[in-house]
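Observations on the model geometry
The chain contents come next:
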Amino acid sequence: MIKNLTEISKDMLLNETGKMKYNGYRFVTATCVDIGDGTVDVIYHFDKDLELKNFRINVKRGEEIKSITKIYFCALLVENEIKELFGLNITDIAIDYGGRMLLSDEELQNPMLKRQITIEQKGEE
Amino acid sequence: MDRKTIIPFGPQHPVLPEPLHLKLVMEDEKIVEAIPAIGYVHRGLEKLTETKEFTQNVYIVERVCGICSFMHAMTYCQGMEDLMEIQIPDRARYLRVIWAELHRIHSHLLWLGLLADSFGFESLFMQLWKNREKVLDIMEETIGSRVIISANIIGGTKRDLSKEMLIKISIIIDEIAEDIKRLEPVFFNDYTVKKRLVGVGILTGEQAYELGTVGPMARASGIKQDRRMTGYAAYGELDFEPIVETNGDCYARTMVRVKEINLSIRLIKQAIAKIPAGDFSVPVKGNPTGEVIALVEQPRGEVLYYMKGNGTKFLERLRIRTPTFANIPTLLKMLPGSQLADVPVLILTIDPCISCTER
């Protein structure tokens, strides 16, 4: 359903991002989606002349992804956000908050990940 | 040897209505580095949308930001309509333009008032907010609420505007246009205003593009980038050209916003003249499946919504990238080299909405 979406491997990410920069694309943002099977999709959105181009990578939780902030500095907030809320191991971010941009020590770790929630009825054993 | 000092700016500061913290690394009065800290009021609204039905999410996304609440709901509804292949009535497309542009006017008037207040021009602040009240009164009269108006539903709009109401809106926005015409020279020609804005915080077109800058910030640096040009809602049937300035300083950003108020007034007038008769909503059947991206031009710039449905009433994921979130990195590159005294005005000219950023 998403137009101009290309599936790539995480190893191709920096290369494709570099090409986007070279071809005059603007970095819009990245979207992280927990698939629920232990993997996470990250979609990188770029724009040129009001046309979006998207790249999707699928990574296992905890797997290392290189930051694109050396190519697009403006990705620093979204990468920190993804790292913190989804627990992705994004390395070499231009300003790395170390998982403390939004969350404090008392809060739930990686709160955007899917979790099994059991609702206990009152009186049930 | 240069001695560096770190000055904390915010999270509580007279020019900031919402909490944002900047660690300013200074050499005398000059900024050499700025590091932001956000997260003071993060609400986790994206996660909350996963626990509500997709029809209820309209009310959640409206609360991402009070000032552009209508456009958050509009983006969400447009995305869901795309996903569910719903064709909304033509009248609803025009109604959305009218309410959206009214929101843009009140957002820009709010910002201009805050700017006037930041450099101590109280009477200008009051004149601008007096006009903003007129817009909020229209909201109240048309839908019952002043800021978060809940006019959008998936499939169209919740209410219609009568012919008499459309005439009344037209008269009121004419009055606002008259007042803006009277106030414009203060922003454009006043010595004090120009002294605080001209040549301050220059952002070139290349820098703006590279930093992913959006909205009036980008347009003030010569980038003709306005999502309304894609023709969503009824914009494709209205005649308009985005406002673009080239100097890239605080003055240019102010000019863009002042001129955009006039543009919004012209768009509303056109929409009122062209609005077709007929229904203003269609029923929604089924549940969303698949992924979609929706983009809308808010007062502060482009907003992106990513939505993923799984065939149930609940969305798998809703992701929101707000314009302020996109403009903060620009601020970080704009601040170094500036004087400490210019920081409040510089921060204000990105029109920061922390509520949006901390969705």
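The structure this text deals with has already been given above.
As the structure is a computational prediction, the values presented were derived from the model and not from experiment. (Residues numbered from 1 in each chain as written. Chains lettered and ligands numbered in written order. Predicted model: local features only at pLDDT ≥ 70, side-chain atom pairs only at ≥ 80, totals over all residues.)

1. Comments concerning the overall build of chain B
Quick note on the threshold: What counts as a helix is a DSSP run of H or I of at least four residues, what counts as a strand is a run of E of at least two, and both are numbered from the N terminus. Radius of gyration here is computed from C-alpha atoms only, and the compact-globule reference equals 2.2 Å multiplied by the residue count raised to the power 0.38. Buried, partly exposed and exposed are defined by the number of other C-beta atoms within 10 Å of a residue's own C-beta, namely 20 or more, between the two limits, and 12 or fewer respectively, with C-beta atoms placed from the backbone. By the convention adopted here, residues make contact when the C-beta atoms placed from their backbones lie within 7 Å.
When you go through chain B residue by residue, the secondary structure sums to 13 helices and eight strands. For a compact globule of 359 residues, the expected C-alpha radius of gyration is about 21 Å, and chain B comes in at 21 Å, within 12% of that figure. Counting across all 359 residues of chain B, residues that qualify as buried make up 53%. Excluding contacts between residues fewer than 6 apart, the proportion of contacts in chain B whose partners are at least 24 apart in sequence is 69%.

2. Comments concerning the sheet that holds strand β4 (residues 51–60) of chain A
Residue and element names in this part refer to chain A. Quick reminder of the rule: A pair of strands is labelled paired if DSSP reports no fewer than 2 bridges between them. Convention adopted: a line fitted to C-alpha atoms gives each axis, helices being fitted over their contacting stretch, and angles between N-to-C directions are expressed from 0 to 180 degrees.
With mixed pairing, four strands are arranged side by side in an open sheet as β1-β4-β3-β2. In the strand order of this sheet, the two ends are held by β1 (5–7) and β2 (26–34), each with one partner. Neighbour to neighbour, the strand axes of the sheet diverge by 20° on average, direction disregarded. Helix-sheet contacts for helix α2 (residues 76–86) involve β2 and β3 (39–48), and the interaxial angle to β2 is about 5°.

3. Here's the deal with the interface of chain B and chain A
Note the following rule: Side-chain classes are defined by residue name, with Ala, Val, Leu, Ile, Met, Phe, Trp, Tyr, Cys and Pro counting as nonpolar, Asp, Glu, Lys and Arg as charged, and the others, Gly among them, as polar.
The partner chain A presents 21 residues to the 26 residues of chain B that form the contact. Those elements that place two or more of their residues in the side of chain B that touches chain A are β6 (289–298), β7 (301–310), β8 (315–321) and α11 (323–334) of chain B. For the side of chain B that touches chain A, the element with the most residues is β6 of chain B, which contributes four residues. Across the side of chain B that touches chain A, the residue classes tally to 13 nonpolar, six polar and seven charged.

4. Brief notes about the nonpolar core
Residue and element names in this part refer to chain B. Stated formally: To count as a nonpolar core, a set of buried Ala, Val, Leu, Ile, Met, Phe, Trp, Tyr and Cys residues must be joined through C-beta atoms within 7 Å.
With 145 residues, the main nonpolar core has Phe70, Val97, Ile98, Ala271 and Tyr305 as its most contacted residues. In terms of residues, this core owes the most to one element, helix α4 (residues 90–118), which gives 15 residues. If we skip the residues at most four places from it in the chain, valine 97 touches Ala233, Ala234, Tyr235, Leu267 and Ala271.

5. Observations regarding the environment of lysine 308 of chain B
Checked against the element boundaries, lysine 308 of chain B lands in strand β7. The exposure class of lysine 308 of chain B is buried, given the 20 C-beta atoms found within 10 Å. Expressed as a C-alpha distance, the spacing of lysine 308 of chain B and glutamate 62 of chain B, which sit 246 residues apart in the sequence, is 19 Å. Not counting residues within four places of it along the chain, the set of residues in contact with lysine 308 of chain B comprises Val33 of chain A together with Glu291, Leu315, Glu316 and Arg317 of chain B.

6. Notes on helix α6 (residues 163–189) of chain B
Worth spelling out the cut-off: Helices are assigned an expected span. That span is 1.5 Å times one less than the residue count. The seven residues ending at a residue and the seven starting there each receive a fitted axis; the angle between those axes is the bend at that residue.
Taking 1.5 Å of rise per residue, the 27 residues of α6 of chain B would be expected to cover 39 Å, and the 39 Å separating its terminal C-alpha atoms lies within 8% of that figure. At arginine 182 of chain B, α6 of chain B is bent by approximately 35°, the largest bend along its length, and proline proline 185 of chain B sits one to four residues beyond.

7. What about the packing of α4 of chain B against helix α5 (residues 122–143) of chain B?
Residues and elements named next belong to chain B. Basically, it comes down to this: Oblique is the label for every angle not falling under 35 degrees (roughly parallel), over 145 degrees (roughly antiparallel), or within 65 to 115 degrees (roughly perpendicular). Crossings are classed by handedness, with left-handed meaning an anticlockwise turn of the near helix from the far one by less than a right angle and right-handed meaning a clockwise turn.
At a minimum axis separation of 8 Å, α4 and α5 run at an interaxial angle of 160°. Here α5 runs roughly antiparallel to α4, going by the angle between their axes. Here α4 runs over α5; the crossing is left-handed. Judged by residue contacts, Leu102, Ile105, His106, Leu109, Leu110, Leu112, Gly113, Ala116 and Asp117 of α4 engage Glu122, Leu124, Phe125, Leu128, Trp129, Asn131, Arg132, Val135, Leu136, Ile138 and Met139 from α5.

8. A closer look at the sheet that holds strand β2 (residues 21–27) of chain B
Residue and element names in this part refer to chain B. Ordered in space as β1-β2-β3, the three strands form an open sheet in which the pairing is antiparallel. With one partner strand each, in any of the chains shown, β1 (4–9) and β3 (30–37) form the two edges of the open sheet. Geometrically, the sheet is characterised by an average inter-axis angle of 20° between neighbouring strands, direction not taken into account. Where β1 lies against β2, six bridges are found, and the strand directions are antiparallel. Within the sheet, the bridge partner assigned to proline 8 lies in β2 and is lysine 23.

9. Digging into helix α3 (residues 69–83) of chain B
Residues and elements named next belong to chain B. Under the 1.5 Å per step criterion, the end-to-end length of α3 is 21 Å for 15 residues, consistent within 8% with the ideal 21 Å. Among the 15 residues in α3, 14 count as buried, and that is most of the element. Looking one or two places after α3, you find glutamate 85, whose phi comes out positive at around 50°.

10. Some points on the pairing of β7 of chain B
Residue and element names in this part refer to chain B. Buried residues dominate β7, accounting for nine of its ten residues. Alignment of β6 against β7, held across ten bridges, turns out to be antiparallel. The partner of threonine 289 across the bridge, within β7, is asparagine 310. Between the end of β6 and the start of β7, which pair antiparallel, lie two residues.

11. Here's the deal with the environment of proline 89 of chain B
Inspection of the secondary structure assignment puts proline 89 of chain B in the loop between α3 and α4. On a C-alpha basis, the gap between proline 89 of chain B and tyrosine 40 of chain B in space is 41 Å, while along the polypeptide they are 49 residues apart.

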